[in-house]
Amino acid sequence: MAITLGLDTALSGLLTNQQALNTISQNIVNVNTPGYTRKVLMPESRVVNGTGAGVQITALQRNVDEGLLSYIRSDNATLSNLQTLSGTYQQVQNLFGKVGDKTSISHNVQAVLSSLVALAATPDKSDVQSAAVQAAKTMTDQMSMVTDQLQSLRATADQKLSSDCDQINSLLSNIHDLNVKITRSLALKIDATDLQDQRDQSLTSLSKLIDINYYNLQDGGVTVGTRNGDVLINSNQAFSLSHSGLSSAAPWMTRAGGQFGAITLNNGTVPAKDLTSVIADGSVKANIDLRDTILPNLQSQIDQLATQVKDTMNLVNNRGAQLPVPASTITGTRTFADQTNLNQSISLSGTEDTALVLYDAQGNQKATTTLRSLMDGSSFTPAKELLNQPWTLSSIADRMQTWMRGQTSYANASTAKVGFDATGHFSITTGNTDIGLAFHDQIDSSAGAKATDISVSFHSVTPPALSSNTVSIPKATALGTSGDTFTLTMGGPPSHVYTVPPPPATATGTDLLNWVRSIPGLEGSEFVNVGGVNKIQFANTTGLTITATGSTATMASLAPGAPATTATPDEVVQGFSNFLGLNDLFVSNQPRALLDSQIMPPGTTLGTTRDLTLYDRLGGAGPTMSFSAGTSLDTIAQKINSNSTILQSGLVAQSSITLSKGNTSINILDANGGTVSTFSLPAGTTSLQTIADSLTASNTTLTAQVEKDGNGYRLRIWDNSGNPLAVSYDGPDTTDLRNKLSLSSSQIFVASVVDEGAGQRLRIRQSSNMDVYAQSSSDAANTSILTDLGLDTAASGSAATITVRKDILSAPSKMSRAATQWNADTKAYYMSTGDANIASQMVTVFNQTQNINGAGKLATSKYSLTDYATQVVSMTSQDISSTSSDLSYHATLNSNISVQIQAKSGVNLDEEVANMINFQQAYSASAKVISTLNDMLQVLMGIIR
């Protein structure tokens, strides 16, 4: 019995040592295999009935330190994050340059200043003029190039997020599959260490992409989740991430605005959870930050620089005149909406005025007047035709043209033309290429008054103070019948009565307008066209009431109804020529489709109740919104989005709809399908204005308006409480009416809260890229939601489109150098080719500190243009240097941890060879024991025999 036990014991030793030698061989051959961990045989004594019976193998174990693995995976995420950032930052460094580099943004801005200094010293030298224009072009070209590259990097980051999600999904699936194999192997007591190595390798790869937490289960599986607690792998399945990358990006595009898609977790919940904001580390986080924060911050700073340069330099350049070749043809850069019947209007502040000076090639005055004189000129009929402001731009163009054509001091003055070109720009032609037109802003209307940049208040949409008629007032045809009256009262007695004369005399709409103009305070009244309906724009609304008697539809439609109160301006711009962009140095085709607040601290709320009304270039597009004290930026954005979703028609070619059968209804429905209002169209022609007025009058919760849009019209309908609306049609002409109107739900404005720098912006975008304007009631302190938030036209995208004006590029002498000045001796304005006044002013404003709004990581503060450019480059270099330092630290840390892991888990050949010798000797010893016991057994058997 003892011999048999001894044989069993020796055999167990032999087999164990053989397995140990196999394990050592496996370790040695995988010494260079990535992810392979050293395997260790774990023997234990075998005991039978309290007596030692040899040795047995419990399990083959991996020689790993789970603490070190967890540590390096955490650092992997940070290291991968920094590596991704560093790779992009190197490209950013090449774009922005370093402070002192001759190719940096700051250097090119400084080069513009240097060229202006030279221009101020020698303004009449053509090579100096060309150098100044070329320096400006180099600067704007770089801004445009930087913008293109930054947006390309954003698009690349977004595409990488898509590919990273695919890689994450592959790793998650692989880990789950390995989980299944490992748990099955362990249950069957099959070695699973190589499978565990593979799983560890996948976990390590996953940790470089996204920050993860993982937990080992008792059955040998692992669960994986984000650090935020979202499960990616459970005991049953692996979930996936989804993201759709964009091929291109633009400066205004943001994740908050919905342009960039979310990274969603597909775990069966509806809607799928957005993980974008909860991913905290890894290359995925780096690409999110690059796309949504880092690159947009840099873009915002470049856009702000471009905006400041453009606005500052254009204001000064518009003060000057073009010499020696006079500015005989001038086209503004501001685009106006309606080129056929411009209703936009302006007003001036206080006594400020603008002198218009016609001059020859020598800079001598040929004729002069002022804007107020034009609009209040006794030479026009009726006298003081447009005394009261605001003045429509069309009336200003008419008066300027009339004045210029009346000049006798130069040839071909009668061919002068002032109006709007096909693209909506204010255009002036003097009629003589040797005669130019200059503008001199001054403190009042007196000749030679002190120069100043006047304040121009702009009303962008339908002018204030309109009559309430819904049927057009006929301008040239008979108005009313004999005895019909039209009565106006301005705040009390006396009343002014217009009576339609008896035949054969006739009265036209023009006669009626001239009578209105004869009333003190209403001299500035005129015709305007709103939605295809001729109305009267009253120059004053204080205490105005209107009544009418008579049977004619036109007269009856004027009563009752007071015109709307004068609206606050949509924009205030310094300088008359600057407002129109008549002599801009820098131009941009960037639409005014974005409004941005200042960068506000996170958690900003309104301190008091405020209201907000949004318009686009067509007009109103939703109700006035009210916000109570304590309202957050997010809530403001949500309310704007819900209130600006309205019913809007397609572009209707005519201002009316014609149906053949009639008795067809437009039904305006609420969100539940209930009828809010109905209007039935008869057979024949019905004006859009009639439809709008009927819908508005039928229900106090509705507003309907007809807006002119280029060569057509649009019908807009909204609920005054911001509730969603729908439309249906009933009747024999349903299909025809539906096709002609094409009414559908349209979100006109899209609001979002955008992270920027250390805070947030409220951003409002016109969804069709039209100009957008905001109005808000001011309190006693003259503050409103606009001043509370600093809500104004956004700088976003300015750097992409800023260029030097095309004709200045081809003819640098057109860049302003001389100012329009007053000669007290000759009592006339003049200018000189040797005058460097404007060039000197450009140098001054370049060096002058000005308040520049916060952008990106730069806070609102006072900078000169060169200082701001230097600060942009300097801060970018600091960020790059900081990232580089962090990368160096974590690369060293990661390397040190890897060394420790290798020391623990890696295969050491010297150690393996030493162990091999030991196990070989043990194997030989076990074999010797067996051999000896066998000899003993043979002797014993021989004795027995």
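What you see is a predicted model; the values in this text were computed from it and never measured.

K.L.:
When you look at the sheet that holds strand 6 (residues 240-242) in this model, what are you seeing that I'm missing?
P.N.:
For sheets, the rule is that strands pair by backbone hydrogen bonds, running either parallel or antiparallel. Read from one edge of the open sheet, 3 strands run 6-7-8, paired in antiparallel fashion. Only two strands of the sheet have a single partner each, and these edge strands are strand 6 and strand 8 (273-274). Sheet topology note: the strand 6/strand 7 (residues 264-266) ladder contains 3 bridges and is antiparallel. The residue bridging Ser 242 from the neighbouring strand is Thr 264, located in strand 7.

K.L.:
Sorry, what's going on with unusual backbone geometry here?
P.N.:
Note: most residues except glycine have negative phi, and most peptide bonds are trans. Of note, the amide linkage connecting Val 270 to Pro 271 takes the cis form, showing an omega dihedral of -5°. One can find Pro 271 in the loop between strand 7 and strand 8. Positioned with a positive phi, Asn 769 is a non-glycine residue whose angle comes to about 70°. Note that Asn 769 resides in the loop between strand 40 (759-766) and strand 41 (772-775). By relative accessible area, Asn 769 is classed as partly exposed at 45%.

K.L.:
How do you make sense of the sheet that holds strand 5 (residues 231-233) when you look at a structure like this?
P.N.:
Pairing is antiparallel across the open sheet formed by 3 strands, whose spatial order is 3-4-5. In this open sheet, the two strands that pair with only one neighbour each are strand 3 (212-216) and strand 5. Between one strand axis and the next, the sheet turns by 30° as a mean value, whatever way the strands run. Strand direction decides the pairing type here: strand 4 (residues 222-226) and strand 5, joined by 2 bridges, are antiparallel. For Val 224, the partnering residue across the bridge sits in strand 5 and is Ile 233. The strands touched by helix 4 (residues 126-187) within the sheet are strand 4 and strand 5, with strand 5 carrying the most contacts at an inclination of about 60°.

K.L.:
For this particular structure, what's the right way to read the side chain of Gln 196?
P.N.:
Along the chain, the position of Gln 196 falls in helix 5 (residues 193-209). For Gln 196, the residues in contact, after removing those within four places along its chain, are Arg 62, Ile 182 and Leu 186.

K.L.:
What is the right way to look at the pattern of salt bridges in this model?
P.N.:
Opposite charge on two side chains lets them pair, provided their charged atoms get close. Counted by the stated rule, this structure contains 23 salt bridges. Here Lys 273 makes a salt bridge to Asp 230, at a shortest N to O gap of 2.6 Å. Taken as a pair, Lys 273 in strand 8 and Asp 230 in the loop between strand 4 and strand 5 lie far apart in primary sequence, 43 residues in all. Residue Asp 230 is classed as buried on the basis of its relative accessible area, which comes to 9%. For Arg 334, the salt bridge goes to Glu 571, with nearest N and O atoms at 3.1 Å.

K.L.:
Got a minute to help me understand the packing of aromatic side chains in this structure?
P.N.:
Geometrically, a pair of aromatic rings is defined through the distance of the ring centres and the angle of the planes. Counted by the stated rule, this structure contains 9 aromatic pairs. Taking the centre distance of 5.2 Å and the plane angle of 55° together, the rings of Phe 458 and Phe 579 count as tilted. With Phe 458 in strand 18 (residues 455-459) and Phe 579 in helix 11 (residues 576-580), this pair connects stretches of sequence that are 121 residues apart. Across the pair, Phe 579 and Phe 458 agree in class, each one buried. Ring pairs connect the aromatic residues Phe 336, Phe 420, Phe 426, Phe 458, Phe 579 and Tyr 773, which therefore count as one cluster. A cation sits over an aromatic face here: Lys 639 above Phe 627, 5.4 Å from the ring centre. One residue, Lys 708, lies across the ring of Tyr 713, its end atom 5.1 Å from the ring centre.

K.L.:
So what exactly am I meant to see when it comes to the nonpolar core here?
P.N.:
Across soluble globular proteins, you tend to see nonpolar side chains buried next to one another. Counting 58 residues, the largest nonpolar core has Phe 96, Leu 116, Met 313, Phe 586 and Met 815 as its most contacted members. Among the secondary structure elements, those contributing two or more residues to this core are helix 2 (66-96), helix 3 (105-121), helix 4, helix 6 (282-317), helix 18 (837-847) and helix 19 (865-905). Apart from the residues within four sequence positions on either side, Met 313 is in contact with Leu 116, Leu 585, Phe 586, Met 842, Val 845 and Phe 846. Leu 358, Tyr 359, Trp 403 and Tyr 410 belong to the second largest nonpolar core, which has 43 residues in total.

K.L.:
Please explain the environment of Gly 620 as it appears in this structure.
P.N.:
Looking at where Gly 620 falls in the secondary structure, it is placed in strand 28 (residues 619-620). On the basis of relative accessibility, which here comes to 9%, the residue Gly 620 falls in the buried class. Ignoring any residue separated from it by four or fewer positions in sequence, one finds Gly 620 in contact with Leu 614, Tyr 615, Gln 705, Glu 707, Arg 716 and Trp 718.

K.L.:
What should I look at first to understand the environment of Asp 421 in this one?
P.N.:
Mapping Asp 421 onto the fold places it in the loop between strand 15 (417-420) and strand 16 (425-429). On the basis of relative accessible area, Asp 421 is assigned to the partly exposed category, the value being 24%. For the pair Asp 421 and Thr 335, spaced 86 residues apart in sequence, the C-alpha separation works out to 9.7 Å. A distance of 2.9 Å separates polar atoms of two side chains, one belonging to Asp 421 and the other to Thr 423.

K.L.:
Quick question: what am I supposed to make of the side chain of Ser 677 here?
P.N.:
The topology assignment puts Ser 677 in strand 33 (residues 675-681). Only 2.4 Å separates the side chain of Ser 677 from the side chain of Ser 698, close enough to count as a polar contact. Beyond its immediate chain neighbours, meaning those up to four positions away, Ser 677 contacts Ile 666, Asn 667, Ile 668, Leu 695, Ser 698 and Leu 702.

K.L.:
Teacher, can you tell me more about the packing of helix 3 against helix 19 here?
P.N.:
The relative placement of two packed helices is expressed as an angle between their axes plus a distance between the axes. Closest axis-to-axis distance for the helix 3/helix 19 pair is 8 Å, and the angle between their directions is 170°. Judged by the inter-axis angle, helix 3 sits roughly antiparallel to helix 19. In this structure, the crossing between helix 3 and helix 19 has a hand that is left-handed. On helix 19, the residues touching Ile 105, Ser 106, Val 109, Gln 110 and Leu 113 of helix 3 are Leu 865, Thr 866, Ala 869, Thr 870 and Val 873.

Criteria and cut-off values
- Residues numbered from 1 in each chain as written.
- Predicted model: local features only at pLDDT ≥ 70, side-chain atom pairs only at ≥ 80, totals over all residues.
- Heavy atoms only, no water.
- Pairing = 2+ DSSP bridges.
- Helix = DSSP H or I, 4+ residues; strand = E, 2+ residues; numbered from the N terminus.
- Buried < 20%, exposed > 50% of the residue type's maximum accessible area, 1.4 Å probe, protein only.
- Axes fitted to C-alpha atoms, helices over the stretch in contact; angles between N-to-C directions.
- Contact = heavy atoms within 4.5 Å.
- Salt bridge = Lys/Arg side-chain N within 4 Å of Asp/Glu carboxyl O.
- Phe/Tyr/Trp six-rings, centres within 6.5 Å; stacked < 30°, edge-to-face > 60°.
- Lys NZ or Arg CZ within 6 Å of the ring centre and 35° of its normal.
- Core = buried A, V, L, I, M, F, W, Y, C linked by side-chain atoms within 4.5 Å.
- Polar contact = N/O pair within 3.5 Å; in protein donor to acceptor, adjacent residues only side chain to side chain.
- Parallel < 35°, antiparallel > 145°, perpendicular 65-115°, else oblique.
- Left-handed = near helix turned anticlockwise from the far one by under 90°.

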